[in-house]
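Reading the structure
Spelled out from the first residue to the last, the chains are:
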Amino acid sequence: MISLAGRDILNTWGKFIFTGIGLGLLIGVTLTMAGVYRGMVDDGKALLDNSGADLWVVQQDTLGPYAESSSINDDLYRSILSMPGVAEAANVTYLTMQVRQGRRDVRAMVVGVVAGSSGKPGWPPYLVAGRQITRSHYEAVADIATGFELGDRIQVRRNQYTVVGLTRRMVSSSGDPMVFIPLKDAQEVQFLKDNDAVLQQRRRTAENPMLNRPGVPGLLDAVIATQSSNPYVNAVLVRIRPGFSAEGIARPIRRWQRLTAYTRSQMEEILIGKLIATSSRQIGMFLVILAIVSAAIVAFIIYTLTMDKIREIAVLKLIGTRNRTIAAMIMQQAVVLGVIGFVVGKVTATFAAPYFPKYVLLMPLDSVTGFFAVLMICVLASLVAIRMALKVDPAEAIGG
Amino acid sequence: MNKGIVIEGMRKRYGTGDTAVDALKKVDMQVEPGEVVGLIGPSGSGKSTLLKSLGAVIDPSAGRMMLGGEVIYDEGWKAPDLRALRRDKIGFVFQAPYLIPFLDVTDNVALLPMLAGLPNGEARQRALDLLTALDVQHRARAMPSQLSGGEQQRVAIARGLVNRPPVILADEPTAPLDSERAMSVIRILNDMAKKYETAIIVVTHDEKIIPTFKRIYHIRDGVTHEEVGERRGFD
Ligand SMILES: Nc1ncnc2c1ncn2[C@@H]1O[C@H](COP(=O)(O)OP(=O)(O)O)[C@@H](O)[C@H]1O
Ligand SMILES: [Mg+2]
């Protein structure tokens, strides 16, 4: 027996290829959407991995520092550091903002790390070029995704920083590249008011007779100094010694220090379960719509191709072709269309992924799932056409 | 016993009640193997209904029918596998050739033996032999759309004959052809009838070919009559 589906496809290959390419682009979009979701999850995991922490200590009852804002005193790390099992504890700040370089500005997550203590949690674990921050002011390490280069002068708020090192895949949970600056500078960045506001506050402080006492020299200056500095950070990142459990250390911190502490797995749950949950539902919705559209396209094309063959199907039935053979012919065509579409889609997605501004991670398993989903959709979509073909009366071939 | 076509007292009613149409009222026909018989009748007389009943795609309301020595219908009873019966016992030749456009000439013909389970090679060989007999072997690898009307009709005839069915039903097989081609189709049908002992019914209006039938049935208002009197027949 010959393959009726194969012969028909060879005879109308142009139609098949063009429809397949159209379907393929749609499948490519679908695979890319799945890749966008995977990229978001991976960005979140990269953020956690790269922070080098086992515990995140944040303001009490917040989901900080990534999913909610969190603010804690910058000297709390000392008491955490003194706890048994804690190897390292480091202050860190996070602020997503526009970072200027020359005439352009880049959206980035500005991370404040304790200068001169390279290797502590919060620090970029490895650099692709340059060196770590060594001075406590005006040096920066930037992710290459910012487009900055070594020696570039970048502006964060009012201050200029020199890029001394470059990292790769250091991103925030929303995929913005990171820019590391010294902690002191970063605290100032978070707190900084504009010049007018600073002047106004100084004037008002000076006018307050309680604070501006002629008999107490230096009091006004001290008050102004506390008003214009920021003793807060967003989180303390903790690395624990081997042999200790993260949860075991988190418990006393929660209890005695009136802080909230998250382990790595709790943090992952917050990032993936809460922070990107809406985005992932959004993407899921798109996937459903794309699946329906693909199914509609396959159903429509196979239906029209079958409609064009009503006469031939009647003849095939008249000369004794089994219904099964005719159904198989139609289903095979739908499957071939799906396979062409999948190949085109996979190739398109693979080539297009690097051009997306955010990370698109194409997982082989998603492709396999996608492939079987496409086959399923094609088989289901062909049922409409098969139903029609099976209804064709062989008597039609004889005519009136 | 007649191993060709036997129809006795066949009736066919479409619909029920007030709207019922008696398309066939009394049909009696006999076609012996090796015979080519004409069926002539005005429009609406029941020719297509008769062909469909013979072709086992509609069920007659009453009467008996035998094809190739096998009972197909008998007063309400019918043979169990009409699809296989169509494949093995009946060859169809239509007014339009209705070739499968995505199969080449050889496979259009070879498809039937393949459907009957013959290996591809054997089926194609059988198709080629027939195409040679019908003098279209030079177009064996062409697609139907590349053939002339006459060539297509010969391929369609080859397809009707390829399973060596005991019965061939031809519906206006010469309508689209000029008289020379029409005569050659008739010659082929007569040759094939003799060679393969096939019983052939040709439904036609075509004045050119009517004289070539040795026997003719007329059908009028669903009733058949055999034409009486000596006919010249083919050659
Ligand atoms: N499917 C059908 N349903 C109802 N009446 C039909 C149907 N097919 C044919 N008829 C009627 O049966 C009669 C015979 O038709 P048909 O067999 O097509 O004749 P012919 O082929 O000789 O023109 C006509 O009156 C026609 O209207
Ligand atoms: Mg008719």
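Residues numbered from 1 in each chain as written. Chains lettered and ligands numbered in written order. Predicted model: local features only at pLDDT ≥ 70, side-chain atom pairs only at ≥ 80, totals over all residues. Heavy atoms only, no water.

**A few points about the overall build of chain A**
Along its length, chain A carries 13 helices and 12 strands. Here the C-alpha atoms of chain A give a radius of gyration of 31 Å, more than 25% beyond the 21 Å that 2.2 N^0.38 yields for 400 residues. In chain A, buried positions account for 45% of the 400 residues. Partitioning the intrachain contacts of chain A with sequence separation of at least 6 by distance along the chain shows that 74% fall at a separation of at least 24. Element-wise, carbon and sulfur atoms account for 60% of the exposed surface of chain A, whose accessible area totals about 19,500 Å². With 41 positive and 30 negative side-chain charges, chain A shows a spacing of 3 Å between the two charge centroids. (Helix = DSSP H or I, 4+ residues; strand = E, 2+ residues; numbered from the N terminus. Rg over C-alpha atoms; globule rule 2.2 N^0.38 Å. Buried < 20%, exposed > 50% of the residue type's maximum accessible area, 1.4 Å probe, protein only. Contact = heavy atoms within 4.5 Å. Areas by Shrake-Rupley, 256 points an atom, 1.4 Å probe, with all protein chains shown as cover. Lys, Arg positive; Asp, Glu negative; His and termini not counted. Charge placed at Lys NZ, Arg CZ, Asp CG, Glu CD.)

**Structural notes on the layout of surface pockets**
Residues and elements named next belong to chain A. Of the voids in this model, the largest pocket is the one considered here, and its volume is about 390 Å³. Looking at the largest pocket, it is lined by 17 residues, and the ones nearest its centre are Ala-145, Val-171, Pro-357, Lys-358 and Tyr-359. Classifying every residue of the lining of the largest pocket by side-chain character gives 10 nonpolar, one polar and six charged. Residues from two domains meet in the lining of the largest pocket; each of domain 1 (2–44 + 277–399) and domain 2 (60–192 + 230–258) gives at least three. (1 Å grid on protein atoms, 1.4 Å probe; cavity = no way out; pocket = protein on both sides within 12 Å on 5 of 7 lines; lining within 4 Å. Points joined across faces, edges and corners; volume = space filled by probe spheres on them. Nonpolar A, V, L, I, M, F, W, Y, C, P; charged D, E, K, R; others polar. Domains from an automatic or database assignment.)

**Regarding the domain arrangement of chain A**
Residues and elements named next belong to chain A. Here the domain parsing of chain A yields domain 1 (2–44 + 277–399) and domain 2 (60–192 + 230–258). Taken over C-alpha atoms, the centre of domain 1 sits 48 Å from the centre of domain 2. Taken together, the contact between domain 1 and domain 2 spans six residues of the former and six residues of the latter. Where domain 1 abuts domain 2, roughly 430 Å² becomes buried across the two surfaces, and 41% of that area is made up of carbon and sulfur atoms. (Buried area = accessible area lost by both parts, 1.4 Å probe.)

**A word on the environment of A:Tyr355**
On the secondary structure map, A:Tyr355 appears in the loop between helix 11 (323–352) and helix 12 (364–391). Taking the C-alpha atoms as reference points, A:Tyr355 and A:Gly24, 331 residues apart in sequence, are found 18 Å from one another.

**Concerning the pairing of strand 1 (residues 5–14) of chain B**
Side chains on a regular strand alternate between the two faces of the sheet. Residues and elements named next belong to chain B. Here strand 1 runs beside strand 4 (residues 62–67); their pairing, made up of five bridges, is antiparallel. The residue bridging Val-6 from the neighbouring strand is Met-66, located in strand 4. Bridge analysis of strand 1 against strand 2 (residues 21–31) gives seven bridges, and the strand direction is antiparallel. From the neighbouring strand, Val-6 faces strand 2, where its bridge partner is Gln-30. What sits between strand 1 and strand 2 in their antiparallel hairpin is a turn of six residues, with Gly-15 showing a positive phi close to 70°. (Pairing = 2+ DSSP bridges.)

**Examining the interface of chain A and chain B**
Contacts between the two partners involve 24 residues from chain A and, on the opposite side, 26 residues from chain B. Note on chain A versus chain B: buried area summed over both sides is about 2,400 Å², and carbon and sulfur give 67% of it. Summed over the three residues of chain A that lose the most area to chain B, namely A:Met1, A:Ile319 and A:Ile398, the buried surface amounts to 26% of that side. The interface formed by chain A and chain B holds one salt bridge in total. If you look at where chain A meets chain B, you find six residue pairs in polar contact (both at pLDDT 80 or more). Counting only elements with at least two residues in the side of chain A that touches chain B, the list comes to helix 1 (4–11), helix 10 (310–318) and helix 13 (395–398) of chain A. For the side of chain A that touches chain B, the leading source of residues is helix 10 of chain A, giving six residues. Here the side of chain A that touches chain B is composed, by residue class, of 12 nonpolar, five polar and seven charged. (Salt bridge = Lys/Arg side-chain N within 4 Å of Asp/Glu carboxyl O. Polar contact = N/O pair within 3.5 Å; in protein donor to acceptor, adjacent residues only side chain to side chain.)

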